[in-house]
Each structure stands twice: as structure tokens, then as C-alpha cells.
Amino acid sequence: MAKLPKIHHLIRYFVGFAVIAFGCYIKQILYEICLLFLGPALYIAQALKKIVITYVWALPSSEAVNYYVFLLPVTLFYYGLAAFQLKQLWNERGKVRVLSLAVFSGFLIYVHFTAWQHLMGYFGENP
């Protein structure tokens, strides 16, 4: 089996992609596609917001708070963590690497597609 090159800057690329997807989401450019990429982060940010408001302190309910206090940090963390895990799996050796990458990639695709389906059902065809 040929040795694949190591990936050194995958996290940087994923975080850059997350910033672009976030910017397109808040400007509502290609909204349906942005929901596909930001679906899990939207769910995590909403859950985090509910926990913070319930147990820590009350925050004003505004789009700026929703976007920049909750969604942007969660999106950056989510994509950074996913890229880190992909990088770790890619840099492994042996046949288990292929299986691990396939399973993790399949899981990410499933989670994003399922979140997208639910969000499109919630927002409808035209948000």
C-alpha cells in the first residue's frame, strides 16, 4: 500500500471554510447550502444558548448575540474539531485508517444531511 502524504494544515482550511459558510449564512447567500454545512453547529449553538440563558445569565435576544456569541464560536470549534479528528485519522497507519476515515466521513455526512433535512423542514423552501 502506498504511503499517503501527511496533512499539516487541515484545521486551518476547515476553519477558513467555516468562516466563509458562516458569512454566507448571515448574509443569506446560498442559504440552503449554508444550512447543509452549518446544520449541526446551529443545533449545538441553540442548545448552548438555552443552557446559558437558563443557568448562567440572561442575554438580550438579538441576531448579533445569536450569531456572534453562540453560532460563530460553535461553528469554529465544530469545524476545528472535525478537521483535527480527520487529520489524526489520516496520519494513522494501516488498514484501520481507511475504515476509520470512511466511518467518520460517513458519520459527518449523515449528521449534516439529517440536520439539513430537519432545518429545511423547519424553515421551508424560502426562509
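Residues numbered from 1 in each chain as written. Predicted model: local features only at pLDDT ≥ 70, side-chain atom pairs only at ≥ 80, totals over all residues. Heavy atoms only, no water.

### Examining the environment of Asn-66
Which entries qualify depends on this criterion: Only DSSP runs of H or I reaching four residues or more are called helices, and only runs of E reaching two or more are called strands; each is numbered from the N terminus. We call two residues in contact whenever any of their non-hydrogen atoms come within 4.5 Å of each other. Side-chain atoms alone can form a polar contact between residues adjacent in sequence; in general such a contact is a pair of N or O atoms within 3.5 Å, and within protein one must be able to donate a hydrogen while the other accepts it.
On the secondary structure map, Asn-66 appears in helix H3 (residues 63–90). A C-alpha to C-alpha distance of 20 Å links Asn-66 and Leu-30, two positions 36 residues apart in sequence. Residues within four places of Asn-66 in sequence aside, it is in contact with Lys-49 and Leu-71. There is a polar contact of 2.7 Å between the side chain of Asn-66 and the side chain of Lys-49.

### Focus on the layout of surface pockets
Put simply, the rule is: Buriedness of a pocket was judged along seven lines, with at least five required to meet protein on both sides within 12 Å; pockets are open sets of points on a 1 Å grid over the protein atoms alone, cavities are sets where a 1.4 Å probe fits but cannot get out, and lining residues have an atom within 4 Å of a point. Grid points are joined across faces, edges and corners, and a volume is the space filled by probe spheres set on the points. Residues were grouped as follows: Ala, Val, Leu, Ile, Met, Phe, Trp, Tyr, Cys and Pro as nonpolar; Asp, Glu, Lys and Arg as charged; and all remaining residues, including Gly, as polar.
Approximately 480 Å³ is the volume found for the largest pocket. In terms of lining residues, the largest pocket is bounded by 18 residues, among which Tyr-25, Leu-42, Gln-46, Leu-119 and Phe-123 are the most central. Those elements that place two or more of their residues in the lining of the largest pocket are helix H2 (31–55), H3 and helix H4 (95–123). Of all the elements, H2 adds the most residues to the lining of the largest pocket, at six residues. Along the lines of polarity and charge, the residues of the lining of the largest pocket split into 12 nonpolar, four polar and two charged. Considered as a void within the structure, the second largest pocket measures approximately 190 Å³ in volume. Lining the second largest pocket, in full, are Phe-14, Phe-17, Leu-36, Phe-37, Tyr-78, Tyr-79, Ala-82, Leu-86, Ser-105, Leu-108, Ile-109 and His-112. Residue assignment for the lining of the second largest pocket shows that the elements contributing at least two residues are helix H1 (10–26), H2, H3 and H4.

### Details of the packing of aromatic side chains
As a reminder of what qualifies: Two rings from Phe, Tyr or Trp (for Trp, the six-membered ring) form a pair when their centres are within 6.5 Å of each other. A pair whose planes differ by under 30 degrees is stacked, one over 60 is edge-to-face, and the rest are tilted. Burial classification: accessible surface area is computed with a 1.4 Å probe over protein chains only, and a residue below 20% of its type maximum counts as buried, one above 50% as exposed, and the rest as partly exposed.
Applying the stated criterion to the full structure yields 10 aromatic pairs. A centroid spacing of 5.9 Å and a plane angle of 70 degrees characterise the contact between Phe-17 and Tyr-79, whose relative ring orientation is edge-to-face. Within this pair, whereas Phe-17 is found in helix H1, its partner Tyr-79 is found in helix H3, the two being separated by 62 residues in sequence. Judged by relative accessible area, which is 34%, Phe-17 ranks as partly exposed. Considering the side-chain rings of Tyr-25 and Tyr-31, the 5.4 Å spacing of their centres and the 20 degrees angle between planes classify their relative orientation as stacked.

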